[in-house]
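In case you want the letters, here they are:
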Amino acid sequence: MFNPKMRSAAVRALLVALVASPAPAFFALAAEPGRTIDVSKVFDAGRLPTVDIARTPADPDPLAERAQWVFDLRWDRGDVWLLGTRSVLMQAPRVTPRTMGRFALELYEGPALIERVRFDFPMLAVPDTADAGWASPPPLTRGMRTRIGVIFPATDRGTRLELWDRASGDRWSLSWPPEQADAAS
């Protein structure tokens, strides 16, 4: 059992011992020997972690073109649709902005990536994931219909254009150069 009187007596005895002992001897007892830490043992049994190198090439230098294509794209309940394309002539060359996004239009010349324009559909969030029930939000992307116009440089280069859903890994081939058509509503 815990006895408060015994505790206070033990504390008093410790204080008397500390005050009575010479200070250097006390600090010598309190100091721990110096040790070096072997960091290699921190990782799983001494093995260094593996590094996965992405197979996705880095964004190329942005193109600057006065002529641009506008791709009218629709997300319709999980499917992506190209509604139309049209050309636009800017007053000055426009450099392709570098942003993050779930989707990307990528232009290739042979195996070389020439241009990448990333984008997100409005209101389309991270893909829905189900937990075990009540804590998950209602699935929004299942019934979502949204639309976006993506501006892409009209360059003479390139042989293949792809639309890439980076979340699912799906890729769709688009004609390059695109055919101009009025966008459907």
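What you are looking at is a predicted structure, and each value in this text was computed from that prediction instead of being measured. (Residues numbered from 1 in each chain as written. Predicted model: local features only at pLDDT ≥ 70, side-chain atom pairs only at ≥ 80, totals over all residues. Heavy atoms only, no water.)

Trainee: Could you give an account of the nonpolar core, with specific residues and numbers?
Mentor: Judged by nonpolar contacts, the single largest core of 20 residues is most densely connected at F71, L73, L105, F119, F121 and F152. Those elements that place two or more of their residues in this core are β1 (64–76), β3 (103–109), β4 (112–119), β5 (145–153) and β6 (160–165). Take this core: its biggest share by element is four residues, from β1. Not counting residues within four places of it along the chain, the set of residues in contact with L105 comprises F71, E115, R116, V117, F119, V150, F152, E162, L163 and L174. (Core = buried A, V, L, I, M, F, W, Y, C linked by side-chain atoms within 4.5 Å. Buried < 20%, exposed > 50% of the residue type's maximum accessible area, 1.4 Å probe, protein only. Helix = DSSP H or I, 4+ residues; strand = E, 2+ residues; numbered from the N terminus. Contact = heavy atoms within 4.5 Å.)

Trainee: Which residues make up unusual backbone geometry, and what are the values?
Mentor: In this structure, the amide linkage connecting W176 to the following residue, P177, adopts the cis form with an omega of -10°. Within the secondary structure, P177 is located in the segment after β7 (171–174).

Trainee: Please give an account of the sheet that holds β4 that cites residues and values.
Mentor: Taken together, the four strands give an open sheet; going across it, the order is β4-β3-β6-β7, and neighbouring strands pair in antiparallel fashion. Both edges of this open sheet fall to β4 and β7, since each of them pairs with a single strand only. Averaged over all neighbouring strand pairs, the angle between strand axes comes to 25°, with direction disregarded. Sheet topology places β3 next to β4; seven bridges connect them, and they run antiparallel. Following the sheet pairing, L107 is matched in β4 by E115. (Pairing = 2+ DSSP bridges. Axes fitted to C-alpha atoms, helices over the stretch in contact; angles between N-to-C directions.)

Trainee: Report on the packing of aromatic side chains, specifying residues and quantitative values.
Mentor: For the structure shown, the criterion picks out seven aromatic pairs. Their ring planes at 90° and their centres at 6.2 Å tell us that F71 and F152 sit as a pair that is edge-to-face. Of this pair, F71 sits in strand β1 while F152 sits in strand β5, and the two are 81 residues apart along the sequence. The class for F71 is buried, based on a relative accessible area of 1%. The class for F152 is buried, based on a relative accessible area of 0%. An aromatic cluster of three or more residues is present, and its members are W75, F103, F119 and F121. Taking NZ or CZ as reference, R160 lies 4.3 Å from the ring centre of Y108, over its face. One residue, R171, lies across the ring of W164, its end atom 4.4 Å from the ring centre. (Phe/Tyr/Trp six-rings, centres within 6.5 Å; stacked < 30°, edge-to-face > 60°. Lys NZ or Arg CZ within 6 Å of the ring centre and 35° of its normal.)

Trainee: Tell me about the pattern of salt bridges, and please be specific about residues and values.
Mentor: The tally for this structure, following the rule as stated, stands at twelve salt bridges. Across the salt bridge formed by R118 and D59, the nearest N and O atoms sit 2.9 Å from each other. Placement of R118 in strand β4 and of D59 in the loop between α2 (23–30) and β1 is noted, with a sequence separation of 59 residues between them. For D59, a relative accessible area of 29% gives the class partly exposed. Between R160 and E162 there is a salt bridge whose closest N-O contact spans 3.1 Å. The partly exposed category is assigned to R160, whose relative accessible area is 33%. Within the structure, one salt-bridge network assembled from shared partners comprises D59, E106, R116, R118, R160, E162 and R171. (Salt bridge = Lys/Arg side-chain N within 4 Å of Asp/Glu carboxyl O.)

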